[in-house]
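# What the coordinates show
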Amino acid sequence: MGPRLRAARERHGATLTGVSLATGVSLSTLSRIETGRRKPTLEVLLRLAKAYGVSLDELAGTAPAAAAGSGPATAAGPRAPVPRRSGDGKEVLPLTRYVGGLHAHKHVLPAVDAPPARPRQVSHDGYEWLCVLYGRLWLALGEQDLVLSAGEVAEFDTRTAHGVANAGPGGPVEYLIMFGPQGERLRPRTPAPGGGAR
């Protein structure tokens, strides 16, 4: 249940703090639910379903496959996922429809007119890999400040405080994120020098 709720929140483009303010559920309770250290009550699930704009069945993982996508099926097949926009203008497009395990999103940060403040940082269980597709992304990772350009990647344990922003000024920033539960991460399978696989 925890990974499913986390995925629903990320698809909605919301932070734990924002969800806490919107639902009245404490930040620590939400965090414990998403990490599997606490089971949500029906009342909490109803509040979360309303906040994320999904049905209780979808949130609980009991919806039929066609209903669990981002829209109703058409004659041509399931509707493509619809980007969700957060309060800061960031668009989040889910690229995986399942929950749990590794999942991926495309994020788009809007253009800014002036250099931003240092990104607000969060930390949580998990492991993240990101790749910048376009623009310049400011990644505040612990005490480090990195500016990543198109084609550059970063991977990190999300228990390290982290946050991102458009390094602007200039155009928007597009980047991909792959996120996995704690201990689950991408494993390269490329040939190593000498012919063996890594």
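Here is what the cut-offs are and how they apply
- Positions within a chain are numbered from 1, following the residues in the order the chain's sequence is written.
- At least 70 in pLDDT is required for a residue's local features to be given in this predicted model, at least 80 for side-chain atom pairs to be given and counted, and no such filter applies to totals for whole chains, interfaces and linings, which use all residues.
- Computation of side-chain values covers all heavy atoms of the structure but excludes hydrogens and water.
- Helix and strand assignments follow DSSP, with helices taken as H or I runs no shorter than four residues and strands as E runs no shorter than two, numbered in order from the N terminus.
- Throughout, exposure labels follow a simple rule: accessible area from a 1.4 Å probe, protein chains only, divided by the maximum for the residue type, with under 20% read as buried, over 50% as exposed, and the rest as partly exposed.
- By the convention used here, residues are in contact when the closest approach between their heavy atoms is within 4.5 Å.
- Per-residue accessibility takes into account occlusion by the displayed protein chains alone, with areas from the Shrake-Rupley method and a 1.4 Å probe.
- Strands pair, by our definition, only if DSSP identifies at least two bridges between them.
- Here an angle of 0 to 180 degrees is reported between the N-to-C directions of two axes, which are lines fitted to C-alpha atoms, with helices fitted over the stretch in contact.
- pLDDT expresses, on a scale from 0 to 100, how confident the predictor is about each individual residue.
- Put simply, a salt bridge is a Lys or Arg side-chain nitrogen that is within 4 Å of an Asp or Glu carboxyl oxygen.
- Each pair of aromatic rings taken from Phe, Tyr and Trp, with Trp reduced to its six-membered ring, is defined by centres within 6.5 Å and is described as stacked if the planes are under 30 degrees apart, edge-to-face if over 60, and tilted in the remaining cases.
- Ring-over charges, as used throughout, are those where CZ of Arg or NZ of Lys falls within 6 Å of the ring centre and within 35 degrees of the ring normal.
- Take the buried Ala, Val, Leu, Ile, Met, Phe, Trp, Tyr and Cys residues and link them wherever side-chain atoms come within 4.5 Å; each set so joined is a nonpolar core.
- Here the angle decides the label: under 35 degrees means roughly parallel, over 145 means roughly antiparallel, 65 to 115 means roughly perpendicular, and every other value means oblique.
- Each crossing gets its hand from how the near helix is turned against the far one by less than a right angle, where anticlockwise is left-handed and clockwise is right-handed.
- Ten residue types, Ala, Val, Leu, Ile, Met, Phe, Trp, Tyr, Cys and Pro, are classed as nonpolar, four, Asp, Glu, Lys and Arg, as charged, and the remainder, Gly among them, as polar.

## Details of the overall build of the chain
The number of helices and strands found in the chain is 5 helices and 11 strands. For the chain, the proportion of its 198 residues judged to be buried stands at 37%. Once local pairs closer than 6 in sequence are excluded, the contacts in the chain between residues at least 24 apart make up 59%. Total accessible area computed for the chain in this model is approximately 10,900 Å², and 57% of it derives from carbon and sulfur atoms.

## Some details on the sheet that holds strand β7 (residues 136-141)
Overall, antiparallel pairing links the 3 strands, which are arranged β8-β7-β10 in an open sheet. Every interior strand has two partners, whereas the edge strands, β8 (144-149) and β10 (162-166), have only one. Recorded for the sheet is a direction-independent mean angle of 25° between the axes of neighbouring strands. In this sheet, β8 lies alongside β7 in antiparallel orientation, the contact comprising 6 bridges.

## Let's talk about the environment of Gly171
In this fold, Gly171 is placed in the loop between β10 and β11 (173-180). When the C-alpha positions of Gly171 and Tyr134 are compared, they lie 8.9 Å apart, and in sequence the two are 37 residues distant. Not counting residues within four places of it along the chain, the set of residues in contact with Gly171 comprises Ala111 and Asn166.

## Points about the confidence of the model for the chain
If pLDDT is low for a region, its predicted coordinates should not be looked at in detail. Considering every residue of the chain, the mean pLDDT works out to 78; 74% of them sit at 70 or more. Under a pLDDT of 50 for its full length, residues 64-80 has, in the predicted model, 18 contacts with residues more than four places off or in other chains.

## Here's the deal with the pattern of salt bridges
Here the structure, examined in full by the defined rule, presents 6 salt bridges. Here Glu10 ties to Arg6 by a salt bridge, and the two come within 2.5 Å at their closest N and O atoms. Of the two residues, Glu10 and Arg6 are both situated in helix α1 (residues 2-11); the distance of 4 residues between them amounts to about one turn of the helix. Here the two residues Glu10 and Arg6 agree in accessibility, since each one is buried. One salt bridge in this structure joins Arg159 and Asp157, with 2.7 Å as the shortest N-O distance.

## Remarks on the packing of aromatic side chains
Two aromatic rings, taken as a pair, are described by how far apart their centres are and by the angle between their planes. All chains considered together, the criterion is met by 0 aromatic pairs. The residue whose ring lies beneath Arg6 is Phe179, and the NZ or CZ to ring-centre distance is 4.0 Å.

## Digging into the environment of Pro110
Tracing the backbone shows Pro110 in the loop between β5 (103-109) and β6 (127-134). Along the primary structure Pro110 and Glu174 are separated by 64 residues, whereas in three dimensions their C-alpha atoms are 8.9 Å apart.

## Structural notes on the nonpolar core
Formed by 14 residues in total, the largest nonpolar core has its most connected members in Leu5, Leu30, Leu48, Tyr52 and Leu59. Counting only elements with at least two residues in this core, the list comes to α1, α2 (16-23), α3 (27-34) and α4 (42-52). Sorting elements by how many residues they give to this core places α4 first, with 5 residues. Beyond its immediate stretch of four places on either side in the chain, Leu30 contacts Leu16, Val19, Ser20, Val25 and Leu48. Within the second largest apolar cluster, 13 residues are counted, among which are Leu137, Leu148, Phe156 and Ile177.

## Digging into the pairing of β11
Looking along a regular strand, one sees the side chains alternate between the two faces of the sheet. Where β5 and β11 come together, 7 bridges link them in antiparallel fashion. Note on β11: the bridge partner recorded for Lys106 is Leu176. Bridging between β6 and β11 involves 7 bridges; their strand directions are antiparallel. When the sheet's bridge partners are listed, Leu130 is paired in β11 with Ile177.

## Considerations on the packing of α1 against α4
Running from N to C, α1 and α4 point in directions that differ by 25°, and their axes come no closer than 10 Å. With respect to α4, the axis of α1 lies roughly parallel. Taken as a pair, α1 and α4 cross one another with a handedness that is left-handed. On the side of α1, the interface is formed by Leu5, Ala8 and Arg9, while α4 contributes Leu45, Leu48 and Tyr52. In terms of residue class, the contact of α1 with α4 is made up of 5 nonpolar, no polar and 1 charged.

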